[in-house]
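Architecture and fold: a report
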Amino acid sequence: MDRNAGALVMRILVTGTASGIGAALMTMLGADAIGLDRHGADLVCDLADPAAIADAASRIDAPLDGIAHVAGLPGTADAAIVLAVNCLAPALLTDALLPKLREGAAIVAVSSIAALRCDWQADALDALLDGGFRALTHHAAKLAGPEAYEVSKAALSRWVVRQSAQCQPRGIRVNGVSPGPVETPILTDFRMTMGEDRIAAAAGLVGRHGTPAEIAAAIAFLLSAEASWINGIDLRVDGGFHTVRAMAA
Ligand code: NAI
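What you see is a predicted model, and the numbers here were worked out from it, not measured in a lab.

Thresholds applied
- Residues numbered from 1 in each chain as written.
- Predicted model: local features only at pLDDT ≥ 70, side-chain atom pairs only at ≥ 80, totals over all residues.
- Heavy atoms only, no water.
- Helix = DSSP H or I, 4+ residues; strand = E, 2+ residues; numbered from the N terminus.
- Rg over C-alpha atoms; globule rule 2.2 N^0.38 Å.
- Contact = heavy atoms within 4.5 Å.
- Areas by Shrake-Rupley, 256 points an atom, 1.4 Å probe, with all protein chains shown as cover.
- Lys, Arg positive; Asp, Glu negative; His and termini not counted.
- Charge placed at Lys NZ, Arg CZ, Asp CG, Glu CD.
- Salt bridge = Lys/Arg side-chain N within 4 Å of Asp/Glu carboxyl O.
- Near = heavy atom within 4 Å.
- Polar contact = N/O pair within 3.5 Å; in protein donor to acceptor, adjacent residues only side chain to side chain.
- Nonpolar A, V, L, I, M, F, W, Y, C, P; charged D, E, K, R; others polar.
- Buried < 20%, exposed > 50% of the residue type's maximum accessible area, 1.4 Å probe, protein only.
- Pairing = 2+ DSSP bridges.
- Axes fitted to C-alpha atoms, helices over the stretch in contact; angles between N-to-C directions.
- Core = buried A, V, L, I, M, F, W, Y, C linked by side-chain atoms within 4.5 Å.
- Arc of directions from axis to C-beta.
- Parallel < 35°, antiparallel > 145°, perpendicular 65-115°, else oblique.

**Some words on the overall build of the protein chain**
Each helix and strand counted, the protein chain has ten helices and seven strands in total. Expected size for 249 residues packed as a compact globule is a radius of gyration near 18 Å; at 17 Å, the protein chain falls within 12% of this value. Each of the three principal axes of the protein chain carries a C-alpha extent, and together these read 45 × 40 × 35 Å. Partitioning the contacts of the protein chain with sequence separation of at least 6, the portion at a separation of at least 24 is 74%. About 10900 Å² of surface is accessible on the protein chain, with carbon and sulfur atoms providing 56% of the total. The positive charge centre, built from 19 side chains, and the negative charge centre, built from 26, are 2 Å apart in the protein chain.

**Side note on the pattern of salt bridges**
All told, the structure shown has nine salt bridges when counted by the stated rule. Note that Arg-59 and Asp-55 form a salt bridge whose closest N and O atoms lie 3.1 Å from each other. One continuous salt-bridge network, built from bridges that share partners, spans Asp-126, Asp-130, Arg-158 and Arg-162.

**Overview of the site of the ligand**
Looking at the ligand, there are 30 residues lining it, with Ser-19, Asp-37, Tyr-149, Val-182 and Thr-184 nearest. Ser-19 is positioned with one of its side-chain polar atoms (N or O) 2.5 Å from an oxygen atom of the ligand. In this structure, Val-182 approaches the ligand through a main-chain N or O atom, which is 2.7 Å from an oxygen atom. Burial of the ligand by the protein amounts to 96% of the accessible area it has alone, namely 830 Å². Looking at the shell around the ligand, the elements that each hand over two or more residues are helix H1 (20-29), helix H6 (145-167) and helix H7 (186-194). The dominant element in the shell around the ligand, judged by the number of residues it contributes, is H7, at three residues. Looking at the shell around the ligand residue by residue, the class counts come to 18 nonpolar, eight polar and four charged.

**A look at the side chain of Asn-175**
Residue placement: Asn-175 occurs in strand E6 (residues 173-179). By relative accessible area, which is 0% here, Asn-175 ends up buried. At 2.9 Å, the side chain of Asn-175 and the backbone oxygen of Ile-230 are in polar contact. Here Gly-232 takes part through its backbone nitrogen, which lies 2.9 Å from a polar atom of the side chain of Asn-175. With residues near it in sequence (within four places) discarded, Asn-175 still touches Ile-107, Val-108, Ala-109, Val-160, Leu-222, Ile-230, Asn-231, Gly-232 and Ile-233.

**Brief notes about the sheet that holds strand E4 (residues 64-69)**
To summarise the sheet geometry, strands pair through backbone hydrogen bonds and adopt either a parallel or an antiparallel arrangement. Taken in spatial order, the seven strands line up as E3-E2-E1-E4-E5-E6-E7 in an open sheet, and their pairing is parallel. Taken across any chain shown, the strands that pair with only one partner, and hence form the sheet edges, are strand E3 (43-44) and strand E7 (234-237). The pairing of E6 with E7 spans four bridges and is parallel. Paired with Pro-179 across the strands is Val-237, a residue of E7. Against the sheet, H6 touches E4, strand E5 (101-110), E6 and E7, its axis set at about 160° to E6.

**A word on the nonpolar core**
Counting 58 residues, the largest nonpolar core has Leu-13, Leu-47, Leu-64, Leu-97, Leu-101 and Trp-159 as the members making the most contacts within it. It is helix H3 (residues 79-97) that contributes the most residues to this core, twelve residues altogether. Residues within four places of Leu-13 in sequence aside, it is in contact with Ile-34, Leu-36, Leu-43, Ile-60, Leu-64, Gly-66, Ile-67, Ala-68, Leu-93 and Leu-97.

**Concerning H7**
For H7, the complete set of buried residues consists of Leu-187, Phe-190 and Met-194. For H7, the buried positions fall inside an angular range of 50° around the axis, keeping them on one side. In the segment just after H7, Gly-195 is the residue with positive phi, at about 100°.

**Brief notes about the packing of H7 against helix H8 (residues 196-206)**
The description of two helices packed together rests on the angle between their axes and the distance between the axes. Interhelical geometry of H7 versus H8 gives an angle of 120° and a closest axis separation of 6 Å. Taken together, the axes of H7 and H8 are oblique relative to one another. Note on element contacts: H8 touches H7 through Glu-196, Arg-198 and Ile-199, opposite Leu-187, Phe-190, Arg-191 and Met-194.

Note that all results are geometric; they support no functional claim without further evidence.
Dropping the structure here:
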């Protein structure tokens with residue numbers, strides 16, 4: 001695929017670019033975007049490893065126009081690793097890169113509509129975020145993998161709100177994107193942890209699952225100057241699934 005087709009010419013760091021939504025976003029952003037993943041990326045980095053995150057951040061030159069935190073693990077993985085990659089790594093990577101982000105830069109984190117199933121209150125999510133990698137095993141001990149996925153995405157959405165308020169004085173916007181089911185390799189794991197029926201029911205209500213390009217387009221928009229007055233929101237990108245289900249209940 002031509003990575004420059006329709007390029008927005010922005011120097012954005014994108015995580016999770018070896019597959020699915022992250023790969024689709026790289027195609028949209030063009031050659032100036034920097035990809036990060038465990039393998040097959042401009043920057044090879046294990047986001048479960050704080051030292052590797054610090055090293056990757058040190059290898060990125062300023063100025064950066066933005067960050068798209070797309071990498072994620074499903075609930076079939078170990079709970080501690082799910083929490084590390086899905087919500088602690090974006091926070092740590094952002095902290096390390098803040099000095100390199102230009103004024104007017106934008107950050108987008110890919111959460112999930114699965115976050116809506118998490119019943120943790122804001123103070124518990126804050127404790128998880130503030131405990132960082134040091135307190136991971138403590139939090140993970142209470143969670144099985146599938147629940148860890150929901151908690152990790154709720155914590156990530158909470159982080160978006162907190163980081164948005166913190167970055168606002170510097171003119172840096174922070175937003176979230178919450179997809180419903182999307183046709184990528186991770187969907188096979190979701191079928192195992194959430195149940196084949198639940199995933200099929202989503203497509204039954206809105207006709208199909210989303211495509212990686214449809215999610216990438218929403219992320220690219222929030223990163224762009226066209227979204228300059230959108231800050232601190234969570235944009236649900238699910239073909240209306242959540243709304244249709246709520247109206248049918
Ligand atoms: P995917 O499995 O195709 O891609 C995930 C990427 O994250 C892979 O390239 C993988 O190598 C990378 N990754 C995983 N662990 C990593 C680590 N330790 N270090 C560095 N990179 C790592 O899945 P997809 O669908 O593209 O997922 C992207 C994001 O969208 C994830 O955060 C996922 O939770 C979220 N999402 C996906 C949905 C779906 O149905 N596909 C629905 C809702 C949210």
